[in-house]
Amino acid sequence: MSEQHDSTVLTATTEKEEPSSSKHGTQKVIAKIAGQHGIDYLIHPQEPHSLQERFDKRQQKEHLLEQENLERITKQAFDSGHSEKSGEPDPDWLSHFFSIAKRIRNPSMQRLWSRILKQECLLPGSISIKTLDTLRAMTHKEAQIFLRACTLTCYFGGDKSKKILTSLIIRHKLLPSLLAPATKKLTLGHFQLPYSDILILMELGLVLKTELESGEFTPQIPLTFSYQTHHYRLTPQQKGCSFTYYRLTPTGQELAELLGSKTHEPFRESLMEMMHSHFLIESDH
């Protein structure tokens, strides 16, 4: 995916001379990039000599790569489809989709874009143009961060929006307004999702920028709780229990639905361990 670049040009006041071997290495990499993109004439003069001819050659190469990218994405969408009931996406949506997808060269990202195309055919209107634009702004690294975050999402109660649980709050039974509540935290960094990654997802518009807290759960009233394909009934054993969490935005929710369910077993075990002392936990298969 294309990366967004800061337009600010930074200039150093003093520069140290780099070793010649380092310069040579950098030159080699830049020359390779220039050759791949057809812009190496001033580095390695060759035919054609005309600027217009070189421009035309580069344009043709870019168009061929775009054609190849689109063909691979649509073929993968075709191969994953069956005889499901489907519809035709809106023409404007398709035009926007193709304008972005043609520049996707990473194989794993091509698979994701093929899923998007298939999903929009299965349910036209289910993937917004805003979601496409968000995905276009993401690098492959950022997409991997979001994928890891999705493996930690759950939902509970009647709200099906995906959430990343961060802690269990337990208020004092007798003096909740006077004594500070106890907090059992889930250290997300232990599951490859440090706070710095959550900040990245916030900036991308995939996670809300505020950590939220649920209402207090009613004692002895079962609460439905789902983590990926695991479903439970949690019955609070005392009053004053609540969760804190990060919530996916509508755009994050759309993308998460595309990625499907994948259980992170150590995380699931930590979830259950955190709740064990304060809830009666029943598996709901």
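Residues numbered from 1 in each chain as written. Predicted model: local features only at pLDDT ≥ 70, side-chain atom pairs only at ≥ 80, totals over all residues. Heavy atoms only, no water.

Participant: Can you explain the overall build of the protein? Please cite residues and give values.
Facilitator: Of regular secondary structure, the protein possesses nine helices and eight strands. Within the protein, the proportion of its 285 residues that are buried is 36%. Counted over contacts in the protein with a minimum sequence separation of 6, partners at least 24 positions apart contribute 74%. Counting only carbon and sulfur atoms, one obtains 54% of the accessible surface of the protein, whose full area is about 17700 Å². (Helix = DSSP H or I, 4+ residues; strand = E, 2+ residues; numbered from the N terminus. Buried < 20%, exposed > 50% of the residue type's maximum accessible area, 1.4 Å probe, protein only. Contact = heavy atoms within 4.5 Å. Areas by Shrake-Rupley, 256 points an atom, 1.4 Å probe, with all protein chains shown as cover.)

Participant: Explain the pattern of salt bridges to me, using residue names and the numbers behind them.
Facilitator: Oppositely charged side chains can form a pair if their charged atoms are brought close together. Taken as a whole, this structure holds 12 salt bridges when the rule is applied. With a shortest N-O distance of 3.8 Å, Arg247 and Asp159 are connected by a salt bridge. One end of the pair, Arg247, is in strand 7 (residues 241-247); the other, Asp159, is in strand 2 (residues 159-170), with 88 residues separating them in the sequence. On the basis of relative accessible area, Asp159 is assigned to the partly exposed category, the value being 30%. A salt bridge links Glu203 to Lys209; the nearest nitrogen and oxygen atoms lie 3.8 Å apart. For the residue pair Glu203 and Lys209, the accessibility class agrees, reading exposed in each case. Linked through salt bridges whose partners overlap, the residues forming this network are Asp159, Lys163 and Arg247. (Salt bridge = Lys/Arg side-chain N within 4 Å of Asp/Glu carboxyl O.)

Participant: How would you summarise helix 2 (residues 51-80) if you had to cite specific residues and measurements?
Facilitator: The terminal C-alpha atoms of helix 2 lie 44 Å apart, and with 30 residues this matches the ideal 44 Å at 1.5 Å per residue to within 8%. Residues of helix 2 that are buried include every one of Arg54, Glu66, Asn69, Leu70, Ile73 and Ala77, and no others. Near the N-terminus of helix 2, the side chain that reaches the backbone nitrogen of Gln52, with its oxygen 3.2 Å away, is that of Ser50. (Expected span 1.5 Å × (residues − 1). Polar contact = N/O pair within 3.5 Å; in protein donor to acceptor, adjacent residues only side chain to side chain.)

Participant: Quick one: what's the story with the nonpolar core, residue by residue and with numbers?
Facilitator: Nonpolar side chains tend toward joint burial in soluble globular proteins. Counting 59 residues, the largest nonpolar core has Trp113, Leu165, Phe225, Phe243, Leu271 and Met275 as its most contacted members. Here Leu165 is in contact with Cys154, Phe156, Leu186, Leu188, Phe225, Phe243, Thr244, Tyr245, Leu271, Met274 and Met275, once residues within four sequence places are set aside. (Core = buried A, V, L, I, M, F, W, Y, C linked by side-chain atoms within 4.5 Å.)

Participant: Any chance you could break down helix 9 (residues 265-276) for me, citing the residues and the numbers?
Facilitator: Given 3.6 residues per turn, any residue in an α-helix points the same way as the ones three and four places further on. Between its first and last C-alpha, helix 9 extends 16 Å over 12 residues, near the 16 Å set by a 1.5 Å rise per residue. Among all positions of helix 9, only Phe267, Arg268, Leu271, Met272, Met274 and Met275 are buried. Summarising the axial view, the buried residues of helix 9 lie within an arc of 160 degrees, below the 170-degree limit, and thus occupy one face. Facing away from the buried side of helix 9 by more than 90 degrees, the exposed set consists of Glu273 and His276. At its buried positions, helix 9 is contacted by strand 2, strand 3 (182-185), strand 5 (223-227), strand 6 (230-236), strand 7 and strand 8 (279-283). (Arc of directions from axis to C-beta.)

Participant: Report on the environment of Leu70, specifying residues and quantitative values.
Facilitator: As for its position among the elements, Leu70 is in helix 2. Along the primary structure Leu70 and Lys102 are separated by 32 residues, whereas in three dimensions their C-alpha atoms are 5.2 Å apart. Contacts of Leu70, omitting those with residues within four sequence positions, involve Phe98, Ala101 and Lys102.

Participant: So what's going on with unusual backbone geometry? Which residues, and what values?
Facilitator: Between Glu47 and Pro48 the backbone carries a cis peptide bond, its omega angle lying at 0 degrees. Positive phi, normally seen in glycine, also occurs at Gln228, with a value near 50 degrees. Turning to its location among the elements, Gln228 is positioned in the loop between strand 5 and strand 6. Residue classification places Gln228 among the buried residues on the basis of a relative accessible area of 10%.

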